[in-house]
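# A look at the structure
The lines below spell out each chain.
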Amino acid sequence: MKVSLNWLKEYAPINKDITELSDSLTMAGLEIETVESRFEYLNEVIVAKVNSAKKHPDADKLSVCEVDTGEKVIQVVCGAPNVRDGLTVALALPGTILPTTEGKPLKKGKIRGEKSEGMICSAIELQIGVDADGIIELDTNLTIGDTLLKALSLEDYTLEIGLTPNRPDCLGLIGVAREIAAMENTSVKFPEVKDLAASGDINEHVSVTIEDPELCPRYTAALILDAKVADSPFWLQDRLLSVGLTPINNIVDITNFVMMETGQPLHAFDLDHLEESRIVVKRANEGDKFTTLDDKERTLSSETLMICDGKKPVAVGGVMGGQNSEIGDNTTKVLLESAYFSPTSIRKTAKKLNLGTDATHRFERGVDPEGTLFALKRAAALIAELTGGKLVSGVIDENPIKHKRTELNLSMMQTNRALGLKLSIEEIKKHLESVEFEVSIKDEDTLFVIAPGFRVDVSRPVDLMEEVARLEGYDKIPVTHPVAPSVSALPPKVTFYRDKIKDMLLGLGMTEAINYSFIGDNNADLLMLPENDDRRKMLGILNPLTEDQGVMRTSVIPGLLQNMKHNNANQNKTLKLFEFGNIFISNGQNQQPTETEMLAGVITGGTKDPVWYQKEDSVSFYDAKGIVEELLERLKIENVTYTSLSVDECLYTRKGYSAKIISGNKEIGLIGKVKTEVKENFDLKQDAFIFELSYENLLSAVPESLNTYPLPIYPSVTRDITMIVEKDVEAGDILKEFKGFKEKLFESVRVSDLYEGDNIEEGYKSLSFRLTYRSENTTLKDKKVNKIHTNMSKRIIEKFNAKLP
Amino acid sequence: MNKAIEDIQKESLEEIDNAKDLKELDSITVKYTGKKGFITSFSKNLSNLPSEERPAAGKKVNEVRTAFESALAEKIVSIKREIEEADTGIDVSLPGVRPAQGALHPVTIITREICSIFSSMGFNIAEGPEVETDYYNFEALNFPHNHPAREMQDTYYVSENILLRTHTSPMQARVMEKEKPPLKYIVPGKVYRCDSDITHTPMFHQVEGLMVDENISFGDLKGVLTSFIHQIFDEDTSLRFRPSFFPFTEPSAEVDIRCVICRGKGCRVCSQTGWLEILGSGMVHPGVFEYAGYDTEVITGFAFGMGVERIAMLKYGIDDIRKYYENDIRFLGQF
């Protein structure tokens, strides 16, 4: 909502300067978003004197002028008929941007071969008048060289108010002025409706029937005959321009002017285009077509309220007029409409037709149901006055459903309690009265309040409390501290561990990414998910901004792979990213999806950023696995096994390079190398390794409590065993077998070496294990250890069909 | 024989004394106390001596061995000291061997900061679904159907009644539905609005707050939020509460802080106003309490919500919000 300072002054005295005014409006709840000095561009236009004007040698209608700028004399080519020697003119210098030059700065140039170093302006070009006969002729007393802003002392500001939807009363300047008046302890001054001579009787010319009072509780109309459509006078154009509206013609301009003034949208019909000279307000037939003023054909529904004449619709009620009845150059009979429409109905229609106008904006928020007639009379008088038309006596006022004002009881005590204030009942009364509530004191604690018609936002006592707080000033409310109950507020497990895991991953060299929760629906294909995969059950968004944000993600992996591509493209080849976030498996569009939180990561490039002490080395499956292993171990998750994914289970990871992570009997997730085809799908050039864990399953594997063990007293003894096994024997199985031995003195085992190649037969590999033995109550003797070690080794060798080297 | 052992003693000590480096000492050690060393051989031969000579000879050998070993040890120390003194050291300007360390996303850092401030004030943390029903996102928060207030937020719809939550406020309704006052909750999480430009991303993060009890006043709201702002920015940050409108609070207040960039003088970031919008807040609307079945005569409360990215932008001077979701490590690595 735009207002201008000078226009506001018509309705309320304003003594504050522009900064103070916008601050106090903001603090009263009308947030001033921008303040623009309207005539700033006149700072670059100066008062100048035409020393001489001679005919252009090559153009009859142009003059070549010597112009004194106060600093020097320059040559300017001018096309105005009234340019002459000695004239004081407005000169725009190169670089000036005028409102009429569409944002382009003026340039020096040559016009028909004569150089021109500026532009002598007309009033229209400067938007300070409508005189189109030629350049503006300034008072000769003005000082040459002064800026026009200074010379004419023009000053006005346009304020943009970010109005909240609860304050439609301020969608007219009078409403804004009312707020200003309340601050200044005065009251708003309504514009005068001129009492013009009128003749005849409107009822003889036109009739109005409301067939749907629920959608249109009130319809008023006035009639002006013999009107002459023309441009508006300057003052009217200036008012519209000051709030960002474009002047069109006098009749349309007046309807806009009064709408801006009162907040009441108006519509003018050409009565000659209304068949049977009547207005019928009724619902459209489903599927009817109608062409609105903007030349667009609209399909109507039975919920759309239409303004019709005796035969056909002529306007979409409260939304937009029709082409078939609009005011044209030859219009003489102006039927003016001012009505109150149901806000909900207007909103539905505007949404359905995807057609928002200044009128719908006001109607759907709620115009003053009691202001209908005032706006009608104000506009009718202006039309008669400015178009030279004749006002027909009387108005039509169909009002089948009368507006009932809101009446409320307000408790002083409750008000003070909720706000943290100590206002007296009189102070509360005074605040409410300052914005035109009718207030009486019912008893020592209770006020009886009647809300004015324009305050459609008030329906409960709390709405009045807000008024009191706002008018008293939020800054006057003392800062207090609630008495806090001494109840601890530890973060829940799910938050606590998420934070903890993130911190651990940082320590493991991983950086946190956050991706959008929506992705393109082609990602299921890019990940090569099978037809029956749950992750193909994507929840679609009805109104996505772009196609690649069309569905909710069912996997975190695509986002991370895109991050990898982005970073690789920016020369960051080494990358370790992780993300915590929800995936969404659809249960149908009409239900909430199943949201599951995932923890996923991608690593690619070198094991480290290139360093001098170590040769560059590419990450492998084992780097990804190492991160997961370390994480799970730090979380004290026990009984974790990593088993190879079968070919069928490998979707986007490569077979033979993919493992599932199992703790107890629960599958926690997977680790794997991204398949070549998937890599190509995501346009990745480097190998990538991912891990993908279900946070819920991970969390459920975390033990409730931590058990410690006493430190050993006696030294341990280690023994190695190296064996040659077939290549597809998994080290994990051998480790598991070792760990299964119920041998008291055997403490732990780890893989110490893997060797394939020279000296090892094709299809075989050499695996070495280091076993640790320890006794709780004595230092072990070699002999004893050797016996156990030999025994265990023998069983392993047999079990895995291994050979000794 | 005795004479021989004395010669060995003399020679060995001389050799130790003359040794130049550790390697030489090694061969001296082998020569005298190795398996076939002179002193070792002597010891071995003791058994060949007549029994009456053995004690004296044994004693002598031990003396020789002890003297040898202590001289050797002393010499090792002194050679090592010489080596250390002669050593010019390494190039300490070369970069160190650094264990890799990642970085947290700035949104996480700020969310944690916000949550820990409110946790210390006794607020509990709750989380809720990101795909919500119209009921929790709007209706139970006093947004009527077909009301322009719904336009304050550009909503992503999944179907008529299912949507991506536009704020973390649905958790207000969810918490109040389950629990009775007193309540103190904060709700961090992702929210969605279909809007994208230099200051808006279609997904962003909010932290919602809710405090409900008997006799909670607007003054309390001001108190809690003032101390929050002073913690998250600094004690010198001045703030103002200005009237605004949210369907689920009344009175509603927008909280502005003095622009942290220009300190109130007016700049591009604050659109020359000197103030920055940082939080939306207000007293819980009685209509919302009615949905929860609370007694609006007795129960009052306040709620607030803030954008995490916005606070991060101000704290870190980030000028393009879209940078948050490109996950460029050159960006992420800065936090």
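This is a predicted model, so every value here is computed, not measured.

So, about the overall build of chain A. Scanning chain A from N- to C-terminus turns up 22 helices and 38 strands. Its C-alpha radius of gyration of 41 Å places chain A more than 25% over the 28 Å reference for a compact globule of 805 residues. Principal axes of the C-alpha set define a box for chain A whose edges measure 130 × 85 × 60 Å. For chain A, the residues scored as buried account for 41% of the 805 residues in total. Within chain A, counting contacts between residues at least 6 apart in sequence, those at least 24 apart form 69% of the total.

The number of helices and strands found in chain B is 11 helices and nine strands. Split into buried and exposed, the 335 residues of chain B put 40% on the buried side. The contacts in chain B between residues at least 6 apart in sequence include a share of 65% that link residues at least 24 apart.

Here we come to the domain arrangement of chain B. The domain architecture assigned to chain B consists of domain 1 (2-86) and domain 2 (106-332). Inter-centroid distance (C-alpha atoms) of domain 1 of chain B to domain 2 of chain B is 84 Å.

In this model, helix α17 (residues 557-569) of chain A (13 residues) spans 18 Å end to end at C-alpha, consistent with the 18 Å of a helix rising 1.5 Å per residue. Burial in α17 of chain A covers these residues: Ile 557, Pro 558, Gly 559, Leu 560, Leu 561, Gln 562, Asn 563, Met 564 and Asn 567 of chain A. Next to the buried residues of α17 of chain A lie β28 (518-519), α16 (523-526), β30 (575-585), β31 (594-604) and β35 (688-694) of chain A together with α11 (329-332) of chain B.

Okay, the domain arrangement of chain A next. When the parts of a complex come together, some accessible area is lost, and that lost area is often taken as the interface size. Looking at chain A, the domain boundaries give domain 1 (2-38 + 156-183), domain 2 (40-151), domain 3 (198-398), domain 4 (407-471), domain 5 (493-701) and domain 6 (717-799). Look at where the C-alpha atoms of domain 2 of chain A and domain 6 of chain A centre, and you get two points 100 Å apart.

Next up on the list: the interface of chain A and chain B. Contacts between chain A and chain B engage 81 residues on the former and 73 residues on the latter. Its residues assigned to classes, the side of chain A that touches chain B shows 37 nonpolar, 28 polar and 16 charged.

Residue and element names in this part refer to chain B. Between helix α5 (residues 106-120) and helix α8 (residues 218-232), whose axes approach to 10 Å, the crossing angle comes to 135°. For the element pair α5 / α8, the angle class is oblique. Along this stretch, α5 crosses α8, giving a crossing that reads as right-handed. From α5, Glu 113, Ile 114 and Ile 117 reach across to α8, where they touch Phe 228, Gln 231 and Ile 232.

This next bit is on the packing of helix α7 (residues 234-242) of chain A against helix α8 (residues 250-262) of chain A. Residue and element names in this part refer to chain A. Two numbers describe how α7 lies on α8: the axes approach to 10 Å, and their chain directions differ by 50°. Between α7 and α8, the angle is such that the two are oblique. In the packing of α7 onto α8, the handedness of the crossing is left-handed. In contact with Leu 236, Arg 239 and Leu 240 of α7, α8 contributes Asp 253, Asn 256 and Phe 257.

On to the sheet that holds strand β7 (residues 249-258) of chain B. All names here are of chain B. Strand order in the open sheet formed by seven strands is β1-β4-β5-β9-β8-β7-β6, and the pairing between neighbours is mixed. What marks the edges here is a single partner per strand, and that holds for β1 (124-125) and β6 (239-246). As paired elements, strand β5 (residues 203-214) and strand β9 (residues 299-307) share nine bridges and run antiparallel to each other. Bridging across to β9, Met 211 finds its partner in Phe 302.

With respect to topology, five strands assemble into an open sheet ordered β5-β4-β3-β6-β9 (chain A), the strand pairing being antiparallel. Strands with a single pairing partner mark the edges of an open sheet, and in this sheet they are β5 (73-78) and β9 (119-120) of chain A.

The next thing to look at is the confidence of the model for chain A. Confidence in the prediction for chain A averages 92 pLDDT; 99% of positions are at 70 or higher. Summarising per-element confidence for chain A, the mean pLDDT is lowest in helix α3 (residues 123-126) of chain A (85) and highest in strand β27 (residues 511-512) of chain A (98).

All names here are of chain A. Of the positions making up helix α9 (residues 343-353), those classed as buried are Pro 343, Ser 345, Ile 346, Arg 347, Thr 349, Ala 350 and Leu 353. Close packing links the buried residues of α9 with β17 (297-299), β18 (305-308), β19 (313-316) and α10 (358-365). Looking at the residues trailing α9, positive phi occurs at Asn 354, about 50°.

Here we come to the environment of Glu 125 of chain A. Residue and element names in this part refer to chain A. Tracing the chain through its elements places Glu 125 in helix α3. Exposure remark for Glu 125: the 20 C-beta atoms within 10 Å place this residue in the buried category. If sequence neighbours within four positions are ignored, Glu 125 has contacts with Leu 98 and Thr 100.

Residues and elements named next belong to chain B. For β5, the buried fraction is high: nine of the 12 residues fall into the buried class. As judged from the 10 bridges shared by strand β4 (residues 183-192) and β5, these two strands associate in the antiparallel manner. Each residue of the ladder has a partner; that of Leu 183, found in β5, is Val 212.

Below, the discussion takes up unusual backbone geometry. Pro 182 of chain B follows Pro 181 of chain B through a cis peptide bond whose omega is 0°. Among the structural elements, Pro 182 of chain B can be located in the loop between α7 (170-178) and β4. Put simply, Glu 250 of chain B and Pro 251 of chain B share a cis peptide bond, and its omega is -5°. Tracing the chain through its elements places Pro 251 of chain B in strand β7. Positioned with a positive phi, Asp 295 of chain A is a non-glycine residue whose angle comes to about 70°. Along the chain, Asp 295 of chain A turns up in the loop between β16 (289-291) and β17. A residue is classified by how many C-beta atoms lie within 10 Å of it, and Asp 295 of chain A, with 7 of them, is exposed. Even without being glycine, Asn 215 of chain B reaches a positive phi, approximately 65°. Among the secondary structure elements, Asn 215 of chain B is positioned in the loop between β5 and α8. Given 14 C-beta atoms within 10 Å, Asn 215 of chain B falls into the partly exposed group.

This part is about the nonpolar core. Residues and elements named next belong to chain A. Membership of the largest hydrophobic core comes to 234 residues, with the highest contact counts inside it found for Leu 336, Ala 379, Ala 380 and Ile 383. In terms of residue count, helix α11 (residues 372-387) provides more of this core than any other element does, nine residues in total. The contact partners of Ala 379, leaving out residues within four places of it in the chain, are Ile 254, Thr 255, Val 258, Leu 266 and Leu 336. Ile 46, Ala 48, Val 77 and Val 83 belong to the second-largest nonpolar core, a separate cluster that totals 33 residues.

Once that is clear, we can look at the pairing of strand β14 (residues 266-270) of chain A. All names here are of chain A. In terms of burial, β14 is largely enclosed, as five of its five residues are buried. Taking every second residue as pointing to the same face, both faces of β14 are buried, with Leu 266, Ala 268 and Asp 270 on one and His 267 and Phe 269 on the other. Sheet topology note: the β14/strand β21 (residues 334-340) ladder contains five bridges and is antiparallel. Bridging from a neighbouring strand, Ala 268 pairs with Leu 336 of β21.

Moving on, we get to the confidence of the model for chain B. All names here are of chain B. Residues of chain B with pLDDT of at least 70 account for 99%, and the chain-wide mean is 91. Averaged pLDDT values over the elements of chain B bottom out at 84 in helix α1 (residues 2-18) and peak at 96 in strand β2 (residues 131-133). At the level of chain-chain contacts, confidence expressed as ipTM amounts to 0.87, with global pTM at 0.86.

Cut-offs and rules
- In this convention, every chain numbers its residues from 1, walking through the sequence in written order.
- Written order decides the labels, with chains lettered from A and ligands numbered from 1.
- Confidence filtering applies because this is a predicted model: local features only for residues at pLDDT of at least 70, side-chain atom pairs given and counted only at 80 or more, and all residues used for totals across whole chains, interfaces and linings.
- Secondary structure elements are taken from DSSP: a helix is a run of H or I of four residues or more, a strand is a run of E of two residues or more, and numbering for both begins at the N terminus.
- We compute the radius of gyration over the C-alpha atoms and compare it with the globule rule, which gives 2.2 Å times the number of residues raised to the power 0.38.
- Burial in this document is a count-based property: other C-beta atoms within 10 Å of a residue's C-beta are tallied, and the residue is buried at 20 or more, exposed at 12 or fewer, or partly exposed in between, with C-beta positions derived from the backbone.
- Residues are defined as contacting one another if the C-beta atoms placed from their backbone atoms lie within 7 Å.
- Residue ranges for the domains trace back to a domain assignment, done automatically or taken from a database.
- Here, expected helix span is obtained from the residue count minus one, scaled by 1.5 Å.
- In this classification, Asp, Glu, Lys and Arg are treated as charged, Ala, Val, Leu, Ile, Met, Phe, Trp, Tyr, Cys and Pro as nonpolar, and every other residue, Gly included, as polar.
- To define axes, lines are fitted to C-alpha atoms, for helices over the stretch in contact only, and angles between the resulting N-to-C directions are given on a 0 to 180 degree scale.
- Roughly parallel covers angles under 35 degrees, roughly antiparallel covers those over 145, roughly perpendicular covers 65 to 115, and oblique covers all other angles.
- Helix crossings are classified by the rotation of the near helix relative to the far one: an anticlockwise turn of less than a right angle makes the crossing left-handed, while a clockwise turn makes it right-handed.
- When DSSP finds two or more bridges between two strands, those strands count as paired.
- On a scale of 0 to 100, pLDDT captures the predictor's confidence in every residue.
- A set of buried residues drawn from Ala, Val, Leu, Ile, Met, Phe, Trp, Tyr and Cys, joined through C-beta atoms within 7 Å, is what defines a nonpolar core.

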